[in-house]
2 protein chains.
Amino acid sequence: MVTIKDIAKAAGVSPSTVSRVVSKHPRISKETADKVKRIMAEMGYHPNAMAKSLVSKTTNTLAIMLPRPAEELFQDFFFGELLRGILTHSTRAGYDMLLTTATGEHDEIETVSRLVLGRRVDGVILLSARVKDPLIQYLNEQQFPSVLIGRTDDSNPHILTVNNNNVQAAYDAAQHLISQGHERIGFVSGPRNLTVSFDRMEGYRQALANAGLKLNTEWVVEGEFLQESGFRAMSFLMEMPDRPTALIVIDDVVAFGVLRGLTELGYSVPDDICIVSFNNIALSELATPPISSTDIGTYQLGYTASQKLVRLIQGEPIHQFSTIIPHRLIVRESSMHVPVKKG
Amino acid sequence: MVTIKDIAKAAGVSPSTVSRVVSKHPRISKETADKVKRIMAEMGYHPNAMAKSLVSKTTNTLAIMLPRPAEELFQDFFFGELLRGILTHSTRAGYDMLLTTATGEHDEIETVSRLVLGRRVDGVILLSARVKDPLIQYLNEQQFPSVLIGRTDDSNPHILTVNNNNVQAAYDAAQHLISQGHERIGFVSGPRNLTVSFDRMEGYRQALANAGLKLNTEWVVEGEFLQESGFRAMSFLMEMPDRPTALIVIDDVVAFGVLRGLTELGYSVPDDICIVSFNNIALSELATPPISSTDIGTYQLGYTASQKLVRLIQGEPIHQFSTIIPHRLIVRESSMHVPVKKG
DNA sequence: AAGGTTTGTTAAAACGTTTGCACAGCTCAA
DNA sequence: TTGAGCTGTGCAAACGTTTTAACAAACCTT
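Residue positions are counted from 1 within each chain, in the order its sequence is given. Chains carry letters from A onward and ligands carry numbers from 1 onward, assigned in written order. Only residues with pLDDT of at least 70 get local features here, since the model is predicted, and only at 80 or more are side-chain atom pairs given and counted; chain-wide, interface and lining totals rely on the full set of residues. Based on all heavy atoms of the structure, the side-chain values leave hydrogens and waters out of the count.

**So, the relation of the copies chain A and chain B**
Line of reasoning, step 1. The transformation that overlays chain A on chain B combines an axial shift of 0.0 Å with a rotation of 180°, and the residual RMSD is 0.0 Å. Both chain copies can therefore be described as sitting about a two-fold axis. Considering only C-alpha atoms, the part of chain A nearest the rotation axis is L98 of chain A, at 2.2 Å.
Line of reasoning, step 2. Only heavy atoms enter the contact rule, under which two residues are in contact if any of them lie within 4.5 Å. Looking at chain A, 100% of its interface residues are interface residues in chain B too, so the copies touch through the same face. The copies were overlaid by least squares, fitting only the C-alpha atoms of residues that reach a pLDDT of 70 or more in each copy.

The following block contains the structure:
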């Protein structure tokens, strides 16, 4: 293990000088710098990250806190794309990513405080906000640099957020169906305690209200972000006497399940029922039929989150604490059918 | 920031004693331990990870090196599932995961040596081996604790590996088709420089040879691990006068593309052509038709890799340097059709 | 030519732990 | 009673950096 002292000795300078060469201090003469650099290359010097962190009190590392039921998340392309956005930026900015997950409900705070209070990371990225999220509240109290991908209520002023306008996105999806003449529109939602479910439900509600359409609560089904959820929802939903002619589905993976459920029950999409979904994962357009989905800018969501967090850490001025990534409905076959009006 | 000295002072003991309480040193009396623990809880003490790492020369962190074209990888459910396996074990074993990716071809070694020589991590997990992988060779030379998910040639004795028997897996897939009476079987492969492509190609070759079937090299198409690859392969493959009646596809995501391509060209699966694929991602059974796929134990692959690496780091005896995770062909509709014999 | 500023470098303290060694007090066998 | 062994604790060095303060030498400015 070659240390800064070894380099200093070999170059005939002090360790401080070597340190300053590494960190490009302006007061170092070109000759000294060149000599030291040459010797570092010759001897294969690599600064010890821990020693540096200890004294500089910065780790150049960000943590991603994965939400508890990580199974769901990982099943989703959505997560991979998000991670890719985060990683692309953080690598460019010179930050490493630490991936962490709690083992249980209660040790969530414990896990994050080990990292935060143990000065293991410089900032935290949170995924998937719950309606009353203790983790968010904790980080807000600690005033530790954090960014949430999702939404939090206004009482957490220290937390940056990057999010979609999910109310509007769901409104747009519903409006698309309404404009095609649908009057009975259902909603296959995700877990009720996630803000994303809440917001999309709200947009759905508003669109229906605006169009003067009835919202039959029996047309609203809550589930997980899993295929099974969508699959199971169908057997229930399609048995209803006055069943919907169109469905809004919270996520593409769930929509795959919905599609499969409908196929097995003998229904045809979009002829019997139309479907619009969210997240626009790569496979959506390869489904049979291709699924209409809302592109929420997943990569951008991750990239922006990392970007804002790094800015916050580096003390740059924050123009806006909350950033909205635009969405766009991609219409495909699954919603291309005009329903037959009832007598 | 409350340090070990603060606790020592408050408890009326020396810092060494506090340190020993934290690390459960047997020579500490129960009374002292209890008192120190109480005070730590009261004052909210959290050990500084960097200081600890500096002196103990261990970081309790593993790195995952992502292969260069990370886009492909992230598009794949496969990666998420693998990550879940790794993370589940590493969390249990008390290790954090550092996710890193190189920005270019050349700085791969640089990126990993910063982590390795900078003593930032205790071990490295490598994904997706190339045929002559400089990264693997580097880690082998450094004799740094590493595990490869995939295969390497025998000249890297210091690298642990976890892998499937991909030759056998492809053999089994081909055999399945052959036993159904197929005589013209094609192969949609991945990038040629990945060992996984190489091995599956080999199994495919062996099975055909064993059955006395001709391998038409025009039936073999190389591409990426992307849907487009599968999609594009079809327009080419199906125009051939003596086109195959069955296809083996390197990955489910590619198979989705294949399926879509065939649908657009007006072919029906499995009636016109049968398909068998690999990796068995969750959406495979939701495709139309459900795709026959080889379950390669993705989660297990990741879990085992982490397990072996941690054992190596902790100096436990290694029984076998190379572990094979069993595979299993899941037959679904996409390969359930007996071809009509010619003449 | 004197004083002030700039430039290039060093010495030493600090960061918060762990751990080898020393040692005091105790127990117990001979 | 002696001393060997054990138990519980403290001292101080070490880990490899960064950074403040100090200072010598060189450069201006008048």
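Still more ground to cover, so stick around.
**Examining the protein's contact with DNA strand C**
Line of reasoning, step 1. Proximity is defined per residue: any heavy atom of the residue falling within 4 Å of a molecule or strand makes that residue near it. If you check the shell around DNA strand C, you find 26 residues, and the closest are T17, R20 and T32 of chain A together with I4 and S19 of chain B.
Line of reasoning, step 2. Sugar and phosphate atoms constitute 61% of the interface atoms of DNA strand C, taking the interface as everything within 4 Å of the protein.
Line of reasoning, step 3. Contact distances for DNA strand C include 2.5 Å between a phosphate oxygen and a side-chain N or O atom of T17 of chain A.
Line of reasoning, step 4. Residues adjacent in sequence count toward polar contacts only when both atoms are side-chain atoms; beyond that, a polar contact is any pair of N or O atoms within 3.5 Å, and within protein one must be able to donate a hydrogen and the other to accept it. Within the contact set of DNA strand C, a base nitrogen lies 3.3 Å away from a side-chain nitrogen or oxygen of R27 of chain A.

**Describing the domain arrangement of chain A**
You'll often see interface size given as the accessible area lost when the parts meet.
Line of reasoning, step 1. With domains assigned, chain A is organised as domain 1 (4-47), domain 2 (61-165 + 298-327) and domain 3 (166-295 + 329-335).
Line of reasoning, step 2. A straight line from the C-alpha centre of domain 1 of chain A to that of domain 3 of chain A covers 62 Å. All the domain ranges listed were derived from an automatic or database domain assignment.

**Some remarks on the pattern of salt bridges**
Any two side chains of opposite charge can pair if their charged atoms end up close together.
Line of reasoning, step 1. A pairing counts as a salt bridge when a side-chain nitrogen of Lys or Arg comes within 4 Å of a carboxyl oxygen of Asp or Glu. Summed over all chains, the structure comprises 29 salt bridges over all chains.
Line of reasoning, step 2. Here R130 of chain B makes a salt bridge to D133 of chain B, at a shortest N to O gap of 2.6 Å.
Line of reasoning, step 3. Judged by its relative accessible area of 17%, R130 of chain B falls in the buried class.
Line of reasoning, step 4. Each residue's exposure class comes from its accessible area (1.4 Å probe, protein chains only) as a fraction of the maximum for that residue type: buried when under 20%, exposed when over 50%, partly exposed otherwise. Owing to a relative accessible area of 7%, D133 of chain B belongs among the buried residues under this scheme.
Line of reasoning, step 5. Taking the shortest distance from any N to any O, the salt bridge between R151 of chain B and D199 of chain B comes out at 2.7 Å. Within this pair, whereas R151 of chain B is found in the loop between β4 (146-149) and β5 (160-164), its partner D199 of chain B is found in helix α10 (residues 195-210), the two being separated by 48 residues in sequence.
Line of reasoning, step 6. In this structure R151 of chain B comes out as partly exposed when scored by relative accessible area, which is 29%.
Line of reasoning, step 7. Exposure remark for D199 of chain B: the relative accessible area of 7% places this residue in the buried category.
Line of reasoning, step 8. Connected through salt bridges with shared partners, the residues D96 of chain A together with R114 and R120 of chain B form a single ionic network. Helix and strand definitions here come from DSSP, where helices need a minimum of 4 consecutive H or I residues and strands a minimum of 2 consecutive E residues; each element is numbered from the N-terminal end.

**Quick word on the sheet that holds strand β8 (residues 246-249) of chain B**
Residues and elements named next belong to chain B.
Line of reasoning, step 1. We treat two strands as partners when DSSP finds at least two bridges between them. Spatially, the 6 strands line up as an open sheet ordered β7-β6-β8-β9-β10-β12, and their pairing is mixed. In this open sheet, the two strands that pair with only one neighbour each are β7 (220-222) and β12 (328-330). Across this sheet, the average inter-strand angle for adjacent strands is 20°, counted without regard to direction.
Line of reasoning, step 2. Sheet topology places strand β10 (residues 292-295) next to β12; 3 bridges connect them, and they run antiparallel. Across the sheet, the residue bridging to T294 is L329, located in β12.
Line of reasoning, step 3. For helices, the fitted line uses only the C-alpha atoms of the stretch in contact; every axis is such a line through C-alpha atoms, and the angle between N-to-C directions lies from 0 to 180 degrees. Contacts from helix α9 (residues 166-179) reach β6 (185-189), β8, β9 (274-278), β10 and β12 within the one sheet, and its direction differs from that of β9 by about 165°.
Line of reasoning, step 4. Helix α11 (residues 227-237) contacts β6, β7 and β8 of the sheet and is inclined by roughly 145° relative to β7.

**Quick notes on the sheet that holds strand β7 (residues 220-222) of chain A**
Residues and elements named next belong to chain A.
Line of reasoning, step 1. In spatial order, the strands read β7-β6-β8-β9-β10-β12; together these 6 strands make up an open sheet with mixed pairing. Each of the sheet's edge strands pairs with one partner strand only, and the pair in question is β7 and β12 (328-330). For this sheet the average axis-to-axis angle between neighbouring strands, irrespective of direction, equals 20°.
Line of reasoning, step 2. In this fold helix α10 (residues 195-210) packs onto β6 (185-189), β7, β8 (246-249) and β9 (274-278), with an angle of close to 175° to the strand it touches most, β6.
Line of reasoning, step 3. This element, helix α11 (residues 227-237), spans β6, β7 and β8 of the sheet and lies at about 145° to β7.

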